[in-house]
Each structure stands twice: as C-alpha cells, then as structure tokens.
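Descriptive analysis of the structure
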Amino acid sequence: MSYKYFPHTEDDMRDMLKVCGVKSLDDLYAEIPDDIQFKREYDLPSTMSEAEVRKFFKNLGEKNKSLTCFTGAGCYDHYTPAVINYILQRSEFLTSYTPYQAEISQGTLQYIFEFQSMMAELTGMEVSNASMYDGPTATAEAMMMSVAHARKRNKVLASSTLNPNILRVLETYAKFHGVELERIAEKDGVTDKADFETKVANGDVAGVIVASPNYYGALEDYTGWADSCHAKKTLFIMNCNASTLGAIKTPGEWDADVAVGDAQSLGIPMCFGGPYVGYMCTRKSLIRKMPGRVVGATADADGQRAFVLTLQAREQHIRREKATSNICSNQSLMALFVTIYLSVMGKKGLQEVNELSYSGAHYLADELCATGKFAMAHNQPFLNEFAVKTTVDISLLQKKFIEAGIFGGLKIAEDTLLFCVTEMRSKEEIDLLVNIVKQL
Amino acid sequence: MSKVIEGLFYAESHEFVKVEGDSAFIGITDYAQNQLGNVVYVDLPEVGDEIAAGEEFGAVESVKAASDLISPISGTIEAINETLEDKPESINKDAFASWIIQVKLSDKSELSNLMDAAAYTKFIEE
C-alpha cells in the first residue's frame, strides 16, 4: 500500500526487498517468533481525507473555552510579546535537535550561553545549566544533586508549602533512587521554622527544599536558613517562580546553594501544561555535581569568541552510572523562548510585570475580603497569588465564574481558594469577578 | 615508559600507597595520569571520613574522562592535598609527589594484598 506522505514508493520497497533476498515484508520479519508477532488489526479509526481531518480538529478545538484566568498554582498567564514567536519559528531554531556535534552549531550554543547568563543573573547565582525539562523535574534533580554532594546521606527535607505537583514528582524520584524524603511542617501558610531547625540539626540531611513564593503565594522569610543548613553541610535548595525573581529577594541573596524552578512564567503560554522549561542554577563550587549540559565561552584558534559544551566529563555519557543524573540534554527551544522574552522585557519590563501583578492581586484580595464572604487564609506577605477562605458554596461560585467567562480560584481545601492576578488582568476584569461574588 | 618508584605499594586500580609510620599517602600512579591525560579536577573527600579498602573515595577528572579513586587500604582520612583544588595539573607534572589523601592505617596487613614496584611494572606492561 502506498501513502501520499510516506517517503518509500512501492518500487523502492520492492528493490529493497530484492537486495535483502526476500519476497515480501512478511518474509523479512520471518525471523521474529510467530507468537510475538502482532497479528491483529491496529485499533485505529478509519482513514480521513485532509478536509475531514481539519474539520475533526476544528470541532474538537471549538470545545475549548477561552476564559479570563485568575489561577496560577504553578502555571501563569503572562503576556507573550509577539516578536518571540516570529524568531522562535525560524526553521534554524524550530527544527534543530540538541547538538550532538555541538561546536558546529555556534548559534544554538550562543543562545544557550545567553540563557545561562540571564538565569544566573535573575537568580543571583554564579552558574546555570543549559535548562531542564520543567520546574518539578528540575527540583527533583536538585534533590539528587544534594544526595550526590553529601555522599553518605540520603535524607532530603521538603517543605509542605511546595506545590503539591512538585512534591509528587519529588516522591517519585525519591522512591526509585533510595532517597528518604521527609516533609517539613507548615504553619500559617509558611514553612515551620522550628520543625526545620530540629530536623536539620540532626546532621543527617543532604538537602532542604523550600519555595519562594510558596504554593499559597506567600513570600517566606528565609533569614538564617542557609546558615543552619551550611552548619551541617546540608544544601539549601530554593524553588522559585522565575518571573517573580525580577522583584523579590533572589536565591543568591538568601545564600541558597541551588536555585531551581519553572521558567514558564517568563512569557511562555500556558498551553494546557507544556512544553515549559525548567532552570537550575548553583554555586561554582557545586558545578561538578550539577546535572545537564553547560555551554561555555572561549576563543577559537584565531582568537575569536566561540562557544563550547564544557565540563562534559561529569555527564552521564562519560561518568555513566556515577553521574548525578542521566540528563544529557536540555529544553532548548523553550530556553530560547525565555531568552528572547528576557531580552525583550529587560530588567525594567520584568519589574513592571511584577508591580502590575502585585497591584492587581492586592486589589482583588482587598475587594474579596471587603465583601465579607472571604478572609485571607494566612497572614503573610504575597506578590501575585494568595489563598482565601470563604463561607460561600465553592462549586456554585465556580459555576458562576465560568458562566461569566472567568477561570478563577483553584480549590485547594474544602473552604479555600487560591487566586492569582498577573499583569494581564485589567481592573474591569477584577471588578467583574468581585461583582459575581457580591451577587451570590 | 611510565615511572614506577621502588618502596611504594601499588593497586590494580592504579593508586599508589606510600607508607610513613602509621599513616599512608595515597595518589594515582604516573601510568594512571598518562592514561587520563590533562587532569582538570580532583574530587576530594573530607578529613575524618572513614574509608575501607576497595571503596571509592573521590574522582579524578581529565578533559576526556572521569575516573573513580579506589582506596587500596582501610583507615581514617587524616589530611587531603588541598593544593589539588587549585592545581589539579600537578598530578600530570609529578603524580607520585601529588598525593591525594593521607590515611591513618587501621590494618597494616592489608598492604600485603598490594603489588610492589616490580610486580606493578610487570602489571602495566601486560
């Protein structure tokens, strides 16, 4: 059978079979034992014409509702400058795979180098790798890194205020890598410092993982935490929403050893959950325990600036099972996305994004509380996200929101909703949401 | 032809052991540095760590490979050669002078499991 988009014609196949000395494809596979050959029909729908396929997906797409987003919880609705897609869709970027003949792809290496430079600056850390798949896996890699660094310890503490999705990924990695993962309790929406101090003082902890802002949007005070960790040779790992680092205290300023997180908030559309990109930054002294690729700048034989993959001896293809991680690749196209975003926005732009988000979120929080139907769940400072307790019927409220075209308030407990406001939300949109609450 | 020094003990994983009183200096042999090429990093353990014969205690990284360091003997680490942190290339210049760790021996009889200079010379020729 011949298909329009298959590269081999029937003549090609006949010629190839002839060279192999067999008559048919069935003869070619005769070596495969009969009982493991797949003999049924493929369970696939019947073929469709191009027009039918287009119609099918158009109908499917029309089931989507485009709602005004007041939800974050790890995925944020920020503005995507139009220039990004135009650059990103250039075939040189869009179709290139991770460079195995790395140094032949100077353009790719250069943008990865720029990404690393920007992430290091944003997090206030010394070095960055070439990017990770996403925030949760980057956090899990940081957990593994702390265990590799500690050599003989396998216990890692994770704050209960981390996003539950991240905690679940950590649990999965821990289970299959022999890591003993323990939670640090939470208290009024932040990590319980007394619980942290007690647990880290035992001296058997490889790493401590906390979040900033945390799952509830709270900005936690980590004064002295790094010191307590370092006194016991424990790594202090911070998971941060990348966009917020344009305004809040950086992991570098908190004296963290590893900074990880998702960089989706740097303009990448929410896109039903991906593709996103994770980042990982650390200290120079820990670079050999850091997973993933690293691009370095050097000079070629003529003294011209050139880019190379560096520190490869620590990677999995050389260190094999002794490497910190089996990651040998990066999330290149999405790293480029973030690089373009940051270069377009600049420091000032990113600060404005945060200022607008802050004003909007605080306005919404105040207005919700003023209705008398909501109260802040915690007494903590926050940036663009906050949890509120309510006396109203949450499922009814969410129904009313959706009818009005609003996707807002993630239910995180029986009586608690998590709201997020980014620079994308206008005062009118916030007022519309609050009016629905008032009318309830 | 790689250098081999008389009076030292040698392991099949190419570490040397230089005994001085109750303690021993451990490093990698001239043959090992030759095989590795330019050494760019030495992953050092910490003073006070207990190590057992046959156990990994660190790694040597060159531009083309990373190789684990295996302790030929058991004991407690008394000192680490901190100059290797800044000058890992000293291993290439003089491997036998660039000891990596100093260990307080816990069982001197383990030394009899190791090769002498003549046996090691024969070992690397094979």
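Residues numbered from 1 in each chain as written. Chains lettered and ligands numbered in written order. Predicted model: local features only at pLDDT ≥ 70, side-chain atom pairs only at ≥ 80, totals over all residues. Heavy atoms only, no water.

So, about helix α9 (residues 193-201) of chain A. All names here are of chain A. Among the residues of α9, those classed as buried are D195, F196, K199 and V200. The buried residues of α9 occupy an angular sector of 120° when projected down its axis, which confines them to one face. Those residues of α9 that are exposed and aimed more than 90 degrees away from the buried face are A194 and T198. Buried residues in α9 make contact with β3 (155-159), β4 (180-184), β7 (205-212) and α10 (225-231). (Buried < 20%, exposed > 50% of the residue type's maximum accessible area, 1.4 Å probe, protein only. Helix = DSSP H or I, 4+ residues; strand = E, 2+ residues; numbered from the N terminus. Arc of directions from axis to C-beta. Contact = heavy atoms within 4.5 Å.)

The next thing to look at is the pattern of salt bridges. Applying the stated rule across the entire model yields 24 salt bridges over all chains. The salt bridge partner of K155 of chain A is E182 of chain A, with a shortest N-O separation of 3.4 Å. With K155 of chain A in strand β3 and E182 of chain A in strand β4, this residue pair connects regions lying 27 residues apart in the sequence. Judged by its relative accessible area of 11%, K155 of chain A is buried. A residue is classified by how much of its surface remains accessible, and E182 of chain A, at 25% relative accessible area, is partly exposed. E46 of chain B is the partner of K233 of chain A in a salt bridge, and the nearest nitrogen-oxygen pair spans 3.1 Å. Placement of the pair is K233 of chain A in the loop between α10 and β8 (235-240) and E46 of chain B in the loop between β4 (39-43) and β5 (50-51), with the two residues belonging to separate chains. When salt bridges that share partners are traced, they join K155, E182, D195, K199 and D204 of chain A into one network. (Salt bridge = Lys/Arg side-chain N within 4 Å of Asp/Glu carboxyl O.)

Residues and elements named next belong to chain A. One finds M119, V208, F236, M238, L266, Y279 and V338 to be the most contacted residues of the largest nonpolar core, which totals 54 residues. Looking at which domains feed residues into this core, each of domain 2 (68-78 + 347-439) and domain 3 (82-341) supplies at least three. The residues touching V208, leaving out its near neighbours within four places in the chain, are L157, I184, F196, V200, C229, T234, L235, F236 and I237. (Core = buried A, V, L, I, M, F, W, Y, C linked by side-chain atoms within 4.5 Å. Domains from an automatic or database assignment.)

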